[in-house]
Amino acid sequence: MFNEPVFSKSKFDSRYERVWEAMGQAGLDAIITYNPGNQFWLTGYMGSLSAKRFPEFSHHALFPKVVIARGHDPIIVGFVMPQETYENETYIQDMRCVKPALEENRPKAIKDVIKGLKLTKGNIGIDLGAYGGIVVPEYENLKKELPHMEVTDCAEMMYRLRMVKSETEVSYLRIAVEIQNNAFRKFVQRIGCGISETELMFTLMQCQAEAGATEVGIAMPWTHPGYTFFRAQYPDRLMEPGDFQWVDGGSLYRGYCSDYDIIIAYGEPSAKQLKAFDDMGRIYREALEFWKPGRKINEISKDVRKIVKAHKQIDPLDGQFTGHNLGYEMVERPWFGVGAPDDLILQKNMVVAPEWFIKTPFGPILFEENFLVTDDGLERLTDFPSKLQVIPD
């Protein structure tokens, strides 16, 4: 099962037809993708399953760059060392693999590809606006090698192609969420007062592995007192009665990510802790009523903002971030908010993670669950109990 491409060739072929159509609408003669999520979607290449832990090297050096011209199958331009892996994990027949220096030699190989496609002039799309994309020296070298080509950012075109999931993608995301459901069930049974934040992190990762994860996921606990958003997990921060904790977890299955949170009280929860959790949950449930297919994302986000304010609560971002898509990237585009493009619509078969900050006495906290967009609304994939988790002291 795993010693083969993640999807059938016919599924990739149907994606290429959609890409060619989108390229025609955008006036693009070819595209070159540097973002790992785009590369995965176009080829199925996964690489080493811990690669996301050193993306600054692996995404740049080891992941293949993908060139597609209208009406032509993709061509990989990659690094010579993983070439056999490219061959095992993708259906791509044409590969041009180079040796270092990659920032110089890849543009030369891409020039040869473009020349072979007989594109003497025209418009090339590069996913410039996508994270983990092309580095500046390579971009400058590429422009020198292709002086006759105009360059356009195709990042938005690519995320719009990817955001509505296929039946197989939905099935993988269902499994990824179920793995995280089971990981959290194991996790809350194993932790207790006296455990450190770093031990909590590794405990959740172990639970994800036991629950069936196929690669390293996300495990981020933050604890009050001492909580600030996105700080490091501390090996000397031991849990004790009275602590209030937000844990963000995401499991991966065959390249697809889940992502949701649980809230934990250590020892008997205080009235203030119970109120903070109840307020967040009540706002979340009310706001979810506005997440209907066919609605504009920015309008949904404005309704979320109204609900937060109606409850006299504060969102520090004031509706600029109300969630995100799920897929290869854990926080996958499109990102949702009141500033979303006016033509960005919530659509059936998107898998989404609605979330927004609420300012609490314990710091700004995200309440987050995972859903599949259906014909009528949202199907909740998260089935871990939506209640405050109380860990006895």
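Described below are features of the structure shown in this document. (Residues numbered from 1 in each chain as written. Predicted model: local features only at pLDDT ≥ 70, side-chain atom pairs only at ≥ 80, totals over all residues. Heavy atoms only, no water.)

1. Let's talk about helix H2 (residues 36-43)
Working step 1: Most of H2 is tucked away, with eight of its eight residues classed as buried.
Working step 2: Along H2, the residues classified as buried are Pro36, Gly37, Asn38, Gln39, Phe40, Trp41, Leu42 and Thr43.
Working step 3: For H2, the capping residue at the N-terminal end is Asn35, with a side-chain oxygen 2.9 Å from the backbone nitrogen of Gly37. (Buried < 20%, exposed > 50% of the residue type's maximum accessible area, 1.4 Å probe, protein only. Helix = DSSP H or I, 4+ residues; strand = E, 2+ residues; numbered from the N terminus. Polar contact = N/O pair within 3.5 Å; in protein donor to acceptor, adjacent residues only side chain to side chain.)

2. Observations concerning the packing of aromatic side chains
Working step 1: Within the structure shown, the criterion is met by 28 aromatic pairs.
Working step 2: Between Phe7 and Tyr256, the ring centres sit 6.1 Å apart and the planes meet at 75 degrees, which makes this aromatic pair edge-to-face. With a gap of 249 residues between them, Phe7 in the segment before helix H1 (9-26) and Tyr256 in strand E9 (residues 256-257) connect regions that are remote in the sequence.
Working step 3: A relative accessible area of 2% places Tyr256 in the buried class. (Phe/Tyr/Trp six-rings, centres within 6.5 Å; stacked < 30°, edge-to-face > 60°.)

3. A few points about the nonpolar core
Working step 1: One finds Ile31, Ile110, Met157, Phe187 and Ile262 to be the most contacted residues of the largest nonpolar core, which totals 84 residues.
Working step 2: For this core, the element with the highest residue contribution is helix H8 (residues 167-190), accounting for ten residues.
Working step 3: Setting aside its immediate chain neighbours within four residues, Met157 contacts Ala22, Met23, Ala26, Leu28 and Ile31.
Working step 4: In terms of nonpolar packing, the next biggest core, distinct from the first, is built from 37 residues, Ile283, Val304, Val352 and Trp356 among them. (Core = buried A, V, L, I, M, F, W, Y, C linked by side-chain atoms within 4.5 Å. Contact = heavy atoms within 4.5 Å.)

4. Considering H1
Working step 1: An ideal rise of 1.5 Å per residue puts 26 Å on 18 residues; H1 measures up with 26 Å between its terminal C-alpha atoms.
Working step 2: For H1, the full list of buried residues reads Phe12, Arg15, Tyr16, Val19, Ala22 and Met23. Within H1, the buried residues cover an arc of 125 degrees as seen down the axis, which keeps them to one side. Turned more than 90 degrees away from the buried face of H1, the exposed residues are Glu17, Glu21 and Gln25.
Working step 3: Just past H1, the residue Gly27 takes up positive phi, approximately 70 degrees. (Expected span 1.5 Å × (residues − 1). Arc of directions from axis to C-beta.)

5. Points about the sheet that holds strand E3 (residues 75-79)
Working step 1: Read from one edge of the open sheet, six strands run E4-E3-E2-E1-E5-E6, paired in mixed fashion. Strands with a single pairing partner mark the edges of an open sheet, and in this sheet they are strand E4 (95-98) and strand E6 (149-153). Strand-to-strand twist of the sheet, defined as the mean angle between neighbouring strand axes without regard to direction, takes the value 20 degrees.
Working step 2: Looking at chain direction, E3 and E4 are connected through four bridges and run parallel. The residue of E4 that forms the bridge with Phe79 is Val98.
Working step 3: On the sheet, H2 packs against strand E1 (30-33) and strand E2 (65-69) and is oriented at approximately 60 degrees with respect to E2. (Pairing = 2+ DSSP bridges. Axes fitted to C-alpha atoms, helices over the stretch in contact; angles between N-to-C directions.)

6. Some points on the sheet that holds strand E16 (residues 371-373)
Working step 1: As summarised here, the arrangement of the five strands in space is E12-E11-E13-E16-E17, forming an open sheet in which the pairing is antiparallel. The open sheet is flanked by strand E12 (332-336) and strand E17 (378-380), the only strands paired with a single partner. Neighbour-to-neighbour, the strand axes of this sheet turn through a mean angle of 30 degrees, independent of strand direction.
Working step 2: Relative to E17, E16 runs antiparallel, the two being bridged by three bridges. Across the sheet, the residue bridging to Phe371 is Arg380, located in E17.
Working step 3: Contacts from helix H10 (residues 271-288) reach strand E13 (351-354), E16 and E17, with the element oriented near 15 degrees to E16.

7. Topic: the environment of Met239
Working step 1: Along the polypeptide, Met239 turns up in the loop between strand E7 (215-224) and strand E8 (244-253).
Working step 2: For the pair Met239 and Ile191, spaced 48 residues apart in sequence, the C-alpha to C-alpha distance is 9.4 Å.
Working step 3: If we ignore the near neighbours within four places in the chain, the residues touching Met239 are Gly192, Cys193, Gly194, Ile195, Glu197, Leu200, Thr223, Gln245 and Tyr266.

8. Here we look at the pattern of salt bridges
Working step 1: Applying the stated criterion across every chain yields a total of 28 salt bridges.
Working step 2: One salt bridge connects Arg96 with Asp94, and the closest N-O pair in it is separated by 2.7 Å.
Working step 3: Given a relative accessible area of 30%, Arg96 falls into the partly exposed group.
Working step 4: Residues Glu197 and Arg231 are paired through a salt bridge, measuring 2.7 Å at the closest nitrogen-oxygen approach. With Glu197 in helix H9 (residues 197-210) and Arg231 in the loop between E7 and E8, the pair connects residues that are 34 residues apart, well separated along the chain.
Working step 5: Judged by its relative accessible area of 9%, Arg231 is buried.
Working step 6: Taken together, the shared-partner salt bridges in this structure form one network comprising Arg162, Lys165, Glu329 and Glu332. (Salt bridge = Lys/Arg side-chain N within 4 Å of Asp/Glu carboxyl O.)

9. Things to note about the packing of H1 against H2
Working step 1: Viewed as axis vectors pointing N to C, H1 and H2 meet at an angle of 120 degrees, and their least axial separation amounts to 8 Å. Relative to H2, the element H1 lies oblique. Where H1 approaches H2, its residues Phe12, Arg15, Tyr16, Arg18 and Val19 are matched on the opposing element by Phe40, Trp41, Leu42 and Thr43. (Parallel < 35°, antiparallel > 145°, perpendicular 65-115°, else oblique.)

10. What about the side chain of Arg106?
Working step 1: Within the secondary structure layout, Arg106 lies in helix H5 (residues 102-116).
Working step 2: Residue class for Arg106 comes out buried when judged on its relative accessible area of 0%.
Working step 3: A polar atom in the side chain of Arg106 sits 2.7 Å from the side chain of Glu138.
Working step 4: Beyond its immediate stretch of four places on either side in the chain, Arg106 contacts His60, Ala61, Lys65, Val77, Val98 and Glu138.

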